[in-house]
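The chain contents come next:
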Amino acid sequence: MTANIIDGKQIAADIRNELKHEVSALKQKGITPGLGVILVGEDPASKSYVTAKERACEEIGLYSDDYRLPRETTQADLITLVKKMNADPKINGILVQLPLPKHINESDVLMAIDPAKDVDGFHPVSVGKMMIGEKAFLPCTPHGVIKLLERSGVKTEGAHVVVVGRSNIVGKPVANLLFQKKKNANATVTICHTGTKDLSYFTKQADIIIAATGKPNTITADMVKNGVVIIDVGVNRIEDTSKKSGFRLVGDVDFEALKGKASLITPVPGGVGPMTITMLLFNTVESAKMANRI
Ligand code: NDP
């Protein structure tokens, strides 16, 4: 890897290795952290995420209980399964893979998860606790971004961070985590979105840019100052006839042009992506520790 490229794969592998040791120590005390995963339907991207999550659980020694349900599953049956997992002491974390089929109300299902097992960090109780700076399950992708910055030695204290995107799963929580009066945070944060009048006016002032728009080339080299740190959360498929699959993955920033100007930058793939599942494992281990008052 080039010196200024943040190697998300390596950082994720380091954290997984630490978790593996932690899980092995917990097992010696008779505690095996467990993750319950529910997938409804046949969405290929969801299926591959769930398979990757199952593999990751196995890799670090977690117990996992997986349910792959048909598309026609009713909301009532799904909520009954979530409640069964809420009551199961072998399960410390519950993950319902999104998106759910249209006939199911996602919010009703997420609300049924016991906040003590909300390892995705999407339950309003977790979001509220995060917002007021209390200990909470942090949503996995934003938490992964914070860990990437921390482990790459990027100082956020007093830095101006520009977050581009305001979704509930990335933009809002990552901005929230970064302005908390805490270690590895305490930044001045600007949040931009499609209503922002002149995006480059803000990005040019940024010490750190977090791009989460789902649009390739949202940030180009003329929009940043020299030495900026760029975390690219985006994952976009673009046509590439040279690939067997017919596409390749790119992020939300013009990586090739920016890598010569940024002091640090994440690649896509291999940047934020590997951190998301890793932080899910992290939350599951934390949940098991909390359940056992460790
Ligand atoms: P959403 O589509 O929910 O949100 C995108 C946000 O970006 C919106 O707030 C939108 O503004 C804003 N936006 C879009 N275009 C522009 C623009 N040109 N200028 C400024 N703001 C813009 O996306 P997500 O947050 O769910 O995901 C963002 C990206 O991150 C996607 O590529 C997704 O695939 C990826 N992702 C990657 C993960 C990983 O593990 N690596 C995990 C989750 C997501 P407005 O609110 O005004 O519409």
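Note: the structure precedes this text.
Every value quoted in this text rests on a predicted model; they were computed, and no experiment measured them.

Reading the values: rules and limits
- Residues numbered from 1 in each chain as written.
- Predicted model: local features only at pLDDT ≥ 70, side-chain atom pairs only at ≥ 80, totals over all residues.
- Heavy atoms only, no water.
- Helix = DSSP H or I, 4+ residues; strand = E, 2+ residues; numbered from the N terminus.
- Rg over C-alpha atoms; globule rule 2.2 N^0.38 Å.
- Buried < 20%, exposed > 50% of the residue type's maximum accessible area, 1.4 Å probe, protein only.
- Areas by Shrake-Rupley, 256 points an atom, 1.4 Å probe, with all protein chains shown as cover.
- Lys, Arg positive; Asp, Glu negative; His and termini not counted.
- Charge placed at Lys NZ, Arg CZ, Asp CG, Glu CD.
- 1 Å grid on protein atoms, 1.4 Å probe; cavity = no way out; pocket = protein on both sides within 12 Å on 5 of 7 lines; lining within 4 Å.
- Points joined across faces, edges and corners; volume = space filled by probe spheres on them.
- Nonpolar A, V, L, I, M, F, W, Y, C, P; charged D, E, K, R; others polar.
- Pairing = 2+ DSSP bridges.
- Domains from an automatic or database assignment.
- Near = heavy atom within 4 Å.
- Polar contact = N/O pair within 3.5 Å; in protein donor to acceptor, adjacent residues only side chain to side chain.

1. Observations regarding the overall build of the protein
Helices and strands together make up the secondary structure of the protein, namely 10 helices and 10 strands. Relative to a compact globule of 294 residues, whose C-alpha radius of gyration would be 19 Å, the protein shows 19 Å and is just as compact. Taken along its principal axes, the extent of the C-alpha atoms in the protein is 55 × 45 × 35 Å. For the protein, with 294 residues in total, the buried portion stands at 50%. Here the protein displays about 14300 Å² of accessible surface, and carbon together with sulfur accounts for 53% of that area. Here the protein contributes 37 positively and 32 negatively charged side chains, and the mean placements of these two sets differ by 3 Å.

2. Remarks on empty space enclosed by the protein
A full pass over the atoms with the stated rule returns one cavity of 30 Å³ or more. There is about 40 Å³ of room inside the largest cavity. Ranked by residue count, the leading element in the lining of the largest cavity is strand β3 (residues 93–96), at three residues. When the residues that make up the lining of the largest cavity are grouped by side-chain class, the tally is six nonpolar, one polar and two charged.

3. Here we look at the pairing of strand β7 (residues 229–232)
In β7, alternate side chains face the same way, and those of V229 and I231 on one face and I230 and D232 on the other are all buried. The sheet contact formed by β7 and strand β10 (residues 264–265) spans two bridges and is parallel. In the strand pairing of β10, I230 is matched with I265.

4. Describing the layout of surface pockets
Estimates place the volume of the largest pocket at around 1500 Å³. Taken together, 45 residues line the largest pocket, and the ones lying closest to its centre are Y49, T141, V235, G273 and T276. Only α1 (8–28), α2 (44–60), β3, α6 (140–151), β8 (236–239) and α10 (273–291) provide two or more residues apiece to the lining of the largest pocket. Ranked by residues supplied to the lining of the largest pocket, first place goes to α2 with seven residues. Classifying every residue of the lining of the largest pocket gives 24 nonpolar, 13 polar and eight charged. Domain assignment of the residues forming the lining of the largest pocket places at least three in each of domain 1 (32–114) and domain 2 (140–274). Approximately 840 Å³ is the volume attributed to the second largest pocket. Lining the second largest pocket are 38 residues, with K135, A136, F137, L138 and F282 positioned closest to its centre. Here the lining of the second largest pocket takes seven residues from α10, the largest share from any one element. Each of domain 1 (32–114) and domain 2 (140–274) contributes no fewer than three residues to the lining of the second largest pocket.

5. Focus on the site of the ligand
Lining the immediate surroundings of the ligand are 22 residues, of which R166, S167, T194, V235 and T276 lie closest. Between the ligand and V233 there is a distance of 3.5 Å, counted from an oxygen atom to a backbone nitrogen or oxygen. Within the side chain of T276, one N or O atom sits 2.7 Å away from an oxygen atom of the ligand. In isolation the ligand exposes 930 Å². Once the protein is present, 69% of that is buried. Within the shell around the ligand, the residues separate by chemical class into eight nonpolar, 12 polar and two charged.

Functional significance is not addressed by these values, which are geometric in nature.
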